[in-house]
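Residues per chain, in single letters:
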Amino acid sequence: MKRLPILLLLLWLCSVFYVGIFLFVGGFLLVRLEVNRTSSCADVLPPGTSGNRDFCLKEPRFRRAVILIVDALKADFARYDPRNTLPRPFENKLPVLDEMASSRPSHARLYTFRADPPTTTMQRIKGFTTGSLPTFIDVGNNFASSAILEDNLVRQLGQAGKRVVFMGDDTWVSLFPGGFHRSLPFPSFNVKDLHTVDNGILQNIFPILEGNDWDVLIAHFLGVDHCGHRFGPDHPAMAEKLTQMDGVFRSVIQRLQNDTLLVVLGDHGMTDTGDHGGESQKETDAALFLYSSSGLLLAPSSQVEPEVVPQTDLVPTLALLLGVPIPYSSMGQVLLPLFPLNTTLGVPLALSQEEALWINVKQVNRFLETYSNMATDIPADSLWHLRAHFSQLSSQYLSSVHTGTPLPPALVVSMQEYLSSVRETCRASWARFNPVKMACGLLVLCGACAVCYVLSELSSVVLRAGVLKPAVLGGLAAGLAVAAVRLFALGSAEASWGLGAAALGSELLFLWRTWRACPRGRLSPRGLLTAPLLLLLLRCASLLSDSYIISEGRVVTFLLFTLGVYVPVCLNWDGFLVPAPPADAQKPPGLHSPTVPPSTVRRESTFLLVCLSVLVSCLYLSLSFHNCREEQGSCQPSAFLMPLSRLQDSRVRNVHYVLSLVALSAWAFLLHHWLRHYGNLNGSGVARFSARCLLPLASVCMGLHWAVSAAPEDSFRNLAELIGLARVVMPRVSFGLLGLGLLLLWLDPLMVYLKSRGPPSSGGPMPPPRYRASTGISPQAELHHLVPQLYQRIRQSLEDGSALGAESDGRPAVEAYGLGTVYSAPLVLLCGLLGLMLLLLHPEGMALAFLMLLLQATALLHLHASTCTLSSLQSHSSGFSVPWTPVVLWSLAASQFFHATGHLPTFPSIQWGAAFVGFPQGHAGTVLPASLVTLNTFTSHILFAVACPLLLFWPLVCEVRRTRSGRSVAGEDGDDVAMEMKLRENPQQFSSALLQLAVRYLLVSGAQVLASVCAAAFLRRHLMVWKVFAPKLMFEASAFVVSSVFLLFGIALVLRVDVAVACLFHRLLPENSR
Amino acid sequence: MWDVEIRGMTSAHAIIAASIFMATVIPVVLVDNFSVYGTHLVWLYSVACSVAVVNIAVFWLLGISPPTKKNTLNYKLSRLIRSCVYFVLSCLFFHAVVVLYGAPLIESALETFSLAVLLSTLTTLRCLCILGPNVQAWIRVFSRDGWVAMSVWDTSLQITSSCSIVGAWFGAFPIPLDWDRPWQVWPISCSLGATGGFLTGLLAAPLWIRWHRKQLTYKLK
């Protein structure tokens, strides 16, 4: 058994894949350079008359401002429809906004406020304080928001000597450290907490408002957003929250003075399920409400009102209204209706529309010039067009100012057009790719897939020849050389190029050396043209189309179903499914051995068909656990995805709870039953302890936890403290128990029970096994699972050379329980423990999906085992090699259950609730919640990857059934019941088969990563690239990383067991007989 | 001997293909507003009926059906009834399979069942005509051993049946695409795929047999 070479080979292969992914993602994801310059009051913008400062040249319209940010204040929430007599919980709850806008139209205005995607809170705060456009790469920063370096409103207000007071969401404090005159932050991460932030604000806002120690007051309410995340918009809690907000607005408006501007805005909207992050209109459209008691809208109402206000436009508008410079890199456009026309002379202090626009245009032009000097990503021709447009504008404006003629209205329109076209150009070109890096990453990934294929065909050759070491050394040398050349030539060495060269070099060297070592004819491209690989090709091709990605869950199920049906059809084609017909005797003999009894074949085929039907029904039922993408119009998310606490009907809640409990207990029972059936629960030992005690205990804890978390908050008021405590303790206890189980399993993975026995010469009957009384398995079944002969047989084979027979020696013989499943039992237990742990991170209803997963995995394993049995019954093939079909089935099932556990490859559908299981108060760091969410998202990939080696063991485990049925005819029974001990007898074949299996699994997942990389690379200007392909790539790549890590973990456990078995034999066998 | 058999099969296949063509053309005259997409079910049943009638007629006239042991009326009647039962069962079977593949369970059940009828006509009915109501024989035909054992008609049965099913399978591919074409509506693409596959099979079977006639060792009847 070559343990280390296997692990090293797999590690090398995985790291090559990682390097490829890293290179590609580095070249693909968008990067925008930040311009770290700030505007100031003394600035003279380029084509102005000399000496005349541009910003702050007049008195500000408003001395003070109150900015109320209501997180996720969707545009719909702010509307008021008096005819709607039966409003839903989120409708007509903010009448004050509509009241003000209609009763005092010149003082108040309500707009739809459109955010740019990604609609996550931190990006939005960045957007409406800096006025710039976000890029895709920012998405991941939501957990650890760091300070904004670009010029922004808060900084400008501070520089102008305004006292900015902030209260609410603590994200602001980390974004603007030291930017506030006074700040009252409240913790924001705990989504389940609806009231802490809002109540904190309400306690402080009115005293401050009435006092005089402020100029700009920013309050960020989080209750509405958290209510959406927790309950969805269509819930009484949302009505309560919005009504509360209505009261807040009313009291703030009452306290406003004449020189104060009130801005109420939502940073983003929410979907119908209360989530956000994407770019559907429901998520981007928020509300914007402006009010001032001294009059706000000075333009005559005949002027066209903007339908929708882009979020960036708030920045220049607020800046000019408050008399501070527009932040340097703002891309926004002033909101014209808030400025007086030149002709209205009633307000001499204010900037006129034309002046405001002119300053805005000059500021944007200055930013554009600075940015195009720093970076080259804005295409030259559009830059040229924009410059020409600007010079035309400026000559027109200046000439009309010189002559004193009123500006033509067309000029205003032209300036607005200029601002919009700059915005559009920037938005388009900040999709900047690095094509060389992308191509390099693609090449490395292709090479890795080729290496995988070669390795899977020639695993034994590679293991024997030791190809790895020179390849890795050569690769390292190539990488160092590239890094050195770049260092000398360019003066800087970027790590990614060296890594890329190292990966590519080692791949090429590996392929070349394997080619040299491989016997002729072993490797042919025709091996690729088999049905499972063609199906894999179809799966990969489906990743190139956005429609197929949108309905990916169904596509994968379709392909799985096809491959499942293919198994018996293929067996029938080879003539293995039905017993050979009696008419065969007339045919020329020698086609296959006639000794196979038809009854055995028939029983095995029936079993196979039963497995297939279980598989098919699991596939069909799993479709009902899917979540919905926003693109799928008429789709209802599964009812089981709703956490119990969100269900309002108590009967439905009870039914769901009972169903989940049944699924949970079935999961635990099936595991326990399997382990007991194969005799792995006998005796005492730490692994058995974790199977016997920890597993049921953890399940009980989980059931209690679900009950506690399902309890509605207001029903048990006197027990609230206890419930709160239980919410923390129960999941932590189950995590602890399961973690302890995993640890114990790793420390002592042997689930074998040895029983010494007196010398058989005493002639007495075999002492009854200890566990008969407790379990009630029939003595006949015991005979099969004791594997008593097994150990003796192994010892005999080892003792062949020794002179004396063991039995006659009088040395005590040993019975070994559970030796037949010595490798698979720890793996099964590991999967059971891991599965429970991951189930805890999911909504309770997903327990059913997990049970389905267990059943389907078992059905797949048995399908594979029966296929092996049927084909080996009639063609006598040897070796443990796992063919492609089960591997592809296994890997597709991982993708299928990714969808069937309610996940989707989109960012808004990530189940953030997983981070709060056991930590309802939120977290201090970011590592723990991030890993919990990762575990939750890639649950099915983790389980299937860890369980992957079972594909190798299962045909051997199922041997018992075959021999039992075969015994009636063939007399060679006892010899055959070696089960997994066969693997120990052929360590060479075992290692090559294990390596082959792992590499095949890696190839199947890697091919999918390669396909989505290709999709992202070739379709990078596609309309759907940021909505479909890029998220899919991120999810597929992360799934690959997670599943490869857990695959390595599973393989490592197998090797650990192998070490332990070797130690056991070492200990048992007397010195002289070895 | 070879040429005669192949020629006979080719002409039979040509007749069946022509019947499908006629089944598409004739309703244009008879039915108002007939179109393959618009009144799809009419087209589907017209194709299914014509294929069924022509198949039964051709195989009955050519006398391909397996030799019957007893020639009594009673036996023939029971055979006929068993054939009908098998046909209905196969319709139900195909319906179940199609639903498991992801077809809607309750809404448009009629469309799904019609597709099942079409598939049964293209596959099971031919099995019934050539092999009689004998499931064992059907299973054996679709194996490698069956390949060498039987007559030229079995090979044709194998090819046309698998082509129809694979065609229907491929027909499901365009359904999720967002092209908004009339033929993407369930079950139009699948039934068109099945018919297309069947026609391909009709064309491919004689060519294939002719190409591989050296390797094929039929037990001549």
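Whatever comes next refers back to the structure up there.
Note that the structure is a prediction, hence the values are computed from the model and not measured.

Draft legend 1. Inspection of the pattern of salt bridges at higher detail. All names here are of chain A. Within the structure shown, the criterion is met by 21 salt bridges over all chains. Asp116 is the partner of Arg423 in a salt bridge, and the nearest nitrogen-oxygen pair spans 3.3 Å. Placement of the pair is Arg423 in helix α14 (residues 409-429) and Asp116 in the loop between β2 (108-114) and α4 (121-130), with a sequence separation of 307 residues. This pair shows no difference in class: Arg423 is buried, exactly as Asp116 is. Residue Glu457 pairs with Arg1000 through a salt bridge whose shortest N-O separation is 3.5 Å. Taken together, the positions of Glu457 in helix α15 (residues 435-457) and Arg1000 in helix α37 (residues 987-1018) put the pair 543 residues apart, joining distant regions of the chain.

Draft legend 2. Quick look at the packing of aromatic side chains. Applying the stated criterion across every chain, the model contains 41 aromatic pairs over all chains. Ring geometry for Tyr823 of chain A versus Phe953 of chain A: centroids 5.5 Å apart, planes at 15°, classification stacked. Here Tyr823 of chain A, found in the loop between β10 (813-817) and α29 (824-840), pairs with Phe953 of chain A, found in helix α34 (residues 950-957); they are 130 residues apart in sequence, far enough to count as distant. Here Tyr823 of chain A falls in the buried class, since its relative accessible area comes to 1%. In this structure Phe953 of chain A comes out as buried when scored by relative accessible area, which is 0%. Look at Phe170 of chain B and Phe173 of chain B: their rings are 5.2 Å apart centre to centre, the planes differ by 55°, and that puts the pair in the tilted class. An aromatic cluster of three or more residues is present, and its members are Phe558 and Phe561 of chain A together with Tyr101, Trp169, Phe170 and Phe173 of chain B. Positioned above the aromatic ring of Trp214 of chain A is the side chain of Arg64 of chain A, whose terminal nitrogen or guanidinium carbon lies 4.2 Å from the ring centre. Over the aromatic face of Trp884 of chain A sits the side chain of Arg1000 of chain A, whose NZ or CZ is 4.4 Å from the ring centroid.

Draft legend 3. Expanded view of the nonpolar core. Residues and elements named next belong to chain A. Within the largest apolar cluster, 257 residues are counted, with the highest numbers of intra-cluster contacts made by Phe28 and Trp890. Counting residues per element, this core draws most heavily on helix α38 (residues 1025-1068), which supplies 22 residues. With residues near it in sequence (within four places) discarded, Trp890 still touches Ala857, Leu860, Leu861, Phe944, Ala947, Cys948, Leu951 and Tyr1001. Of all hydrophobic cores here, the second largest spans 73 residues; its members include Leu336, Ala356, Leu393 and Val412.

Basis of the calculations
- Residues numbered from 1 in each chain as written.
- Chains lettered and ligands numbered in written order.
- Predicted model: local features only at pLDDT ≥ 70, side-chain atom pairs only at ≥ 80, totals over all residues.
- Heavy atoms only, no water.
- Salt bridge = Lys/Arg side-chain N within 4 Å of Asp/Glu carboxyl O.
- Helix = DSSP H or I, 4+ residues; strand = E, 2+ residues; numbered from the N terminus.
- Buried < 20%, exposed > 50% of the residue type's maximum accessible area, 1.4 Å probe, protein only.
- Phe/Tyr/Trp six-rings, centres within 6.5 Å; stacked < 30°, edge-to-face > 60°.
- Lys NZ or Arg CZ within 6 Å of the ring centre and 35° of its normal.
- Core = buried A, V, L, I, M, F, W, Y, C linked by side-chain atoms within 4.5 Å.
- Contact = heavy atoms within 4.5 Å.

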